[in-house]
Amino acid sequence: MSVEISGLTKAFGRKQVLQDLHLSIEKGQCYCLLGKNGVGKSTFLNCILDLIKPDSGSVSIFGQSYAQHSLAVKQKLGALCEDNPLIEEFTGLEYLNFVAKLYKLSPAEAEERISSLTNYFFTDQESLQKNIAGYSTGMKKKVGIAAAILHKPDLLILDEPFTGLDPIAAQLLVKLIRSYSNPNRVVLISSHDLNYVEKVATHIGVLNDGRLIYNGSVQEFTMNGENLIDQALFQLLLPHHLTKESNIDWMLN
Ligand SMILES: Nc1ncnc2c1ncn2[C@@H]1O[C@H](COP(=O)(O)OP(=O)(O)OP(=O)(O)O)[C@@H](O)[C@H]1O
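Residues numbered from 1 in each chain as written. Predicted model: local features only at pLDDT ≥ 70, side-chain atom pairs only at ≥ 80, totals over all residues.

- For the chain, the name recorded in an unreviewed UniProt entry is ABC transporter ATP-binding protein, with Pontibacter locisalis as its organism.

What follows is the structure, encoded as structure tokens:
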């Protein structure tokens, strides 16, 4: 059983963002979705999360669909969305305890998991006692990631998880994603931070013009490590760019 996406299509007005997209992600994979700005990565993840209704197509998560098993499916997934909505009037700790209650964690489980995640991610524990409204973007992101992972979801979806994190926090997140990945779970990430993608991905998907123009293992994508992921991506998306005449010479002098 895996995450199966079949024939997913979505347009906003006249803009066709996703076109008949098919994808199967197996348990054990850390699948990283790449592509240029505005190509539809967040739209795709939001369709998988049932936050956006596709125009057509279906999503099945470990054999279950939202139409038939909405609650059961939602209990199996955890997500960091791109806009990372939190309850800003709460403190970081209040918010995490609130999420723990939503997922019906016992008080002991909640306490253990929240304290381990906050100790892991936050050097400044005092800030967790303050309202989220005053947090920096990176601090909010760390709270969002902790909230997504608290109930140990089988499917963890992280939209741009590295953006806004300082290099220390980003490295900690790499370690956390690697520890979290196991043969019974699926991790699905959208990211532009290819240095970090390189460290966590087992599989790569490249979205362009509404379709997946690449879907396969990292080894295949990088030709067994001959290329870095950014080189492979550049070759795929802009093969002629490097040889084209530069039109930015005006800024040289
Ligand atoms: N609610 C919406 N209404 C209208 N257009 C939308 C909406 N959401 C997204 N779009 C459009 O759909 C396209 C895909 O947006 P999306 O945010 O999915 O791209 P992305 O690949 O995640 O981009 P980025 O890498 O910049 O975050 C864009 O052209 C965007 O303007």
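Next comes the rest of the write-up.
### Examining the UniProt feature "domain: ABC transporter" (unreviewed entry) in the chain
- Look at the UniProt record and you will see "domain: ABC transporter" (unreviewed entry) annotated at residues 3-234.
- Secondary structure within residues 3-234 divides into 38% helix and 26% strand; the distance between the first and last C-alpha atoms comes to 28 Å. (UniProt positions renumbered as here; feature names shortened; annotations may be inferred. Helix = DSSP H or I, 4+ residues; strand = E, 2+ residues; numbered from the N terminus.)

### Quick notes on the site of the ligand
- Lining the immediate environment of the ligand, one finds Phe 12, Lys 15, Val 17, Gly 35, Asn 37, Gly 38, Val 39, Gly 40, Lys 41, Ser 42 and Thr 43.
- Contributing elements (two or more residues each) for the shell around the ligand: β2 (15-25) and α1 (41-48).
- The element best represented in the shell around the ligand is α1, accounting for 3 residues. (Near = placed C-beta within 6 Å.)

### What to know about unusual backbone geometry
- Of note, the phi angle at Asp 20 is positive, near 45°, even though the residue is not glycine.
- Topologically, Asp 20 is positioned in strand β2.
- Using a count of 12 C-beta atoms within 10 Å as the deciding quantity, one classes Asp 20 as exposed. (Buried ≥ 20, exposed ≤ 12 C-beta atoms within 10 Å, placed from the backbone.)

### Section: the nonpolar core
- Of all hydrophobic cores here, the largest spans 66 residues; its most connected members are Cys 32, Leu 96 and Ile 157.
- If you tally residues by element for this core, the top one is helix α5 (residues 137-149), at 6 residues.
- Excluding anything up to four places from it in sequence, Cys 32 contacts Ile 189, Ser 191, Val 197, Ala 201 and Ile 204. (Core = buried A, V, L, I, M, F, W, Y, C linked by C-beta atoms within 7 Å. Contact = placed C-beta atoms within 7 Å.)

### So, the pairing of strand β10 (residues 211-217)
- The pairing of strand β9 (residues 203-208) with β10 spans 6 bridges and is antiparallel. Residue pairing in the sheet places His 203 in a bridge with Ser 217 of β10.
- Hairpin remark: β9 followed by β10, antiparallel, with 2 residues in the connecting loop; positive phi at Asp 209, about 50°. (Pairing = 2+ DSSP bridges.)

### Topic: the pairing of strand β8 (residues 186-190)
- Extensive coverage of β8 is indicated by the burial of 5 of its 5 residues.
- Of the two faces of β8, the one carrying Val 186, Leu 188 and Ser 190 and the one carrying Val 187 and Ile 189 are both buried.
- Here strand β7 (residues 155-159) pairs with β8 via 5 bridges, running parallel. The residue of β8 that forms the bridge with Leu 155 is Val 186.
- In this fold, β7 hands off to helix α6 (residues 167-180), which returns the chain to β8; that crossover is right-handed. (Right-handed = clockwise from strand over helix to strand, strands pointing away.)

### Some remarks on helix α4 (residues 107-121)
- An ideal rise of 1.5 Å per residue puts 21 Å on 15 residues; α4 measures up with 21 Å between its terminal C-alpha atoms.
- Residues of α4 that are buried include every one of Ala 110, Ile 114 and Phe 121, and no others. The buried residues of α4 occupy an angular sector of 50° when the element is viewed end-on, so they sit on one face. Along α4, exposed side chains directed more than 90 degrees from the buried face belong to Ala 108, Glu 112, Ser 116 and Asn 119. (Expected span 1.5 Å × (residues − 1). Arc of directions from axis to C-beta.)

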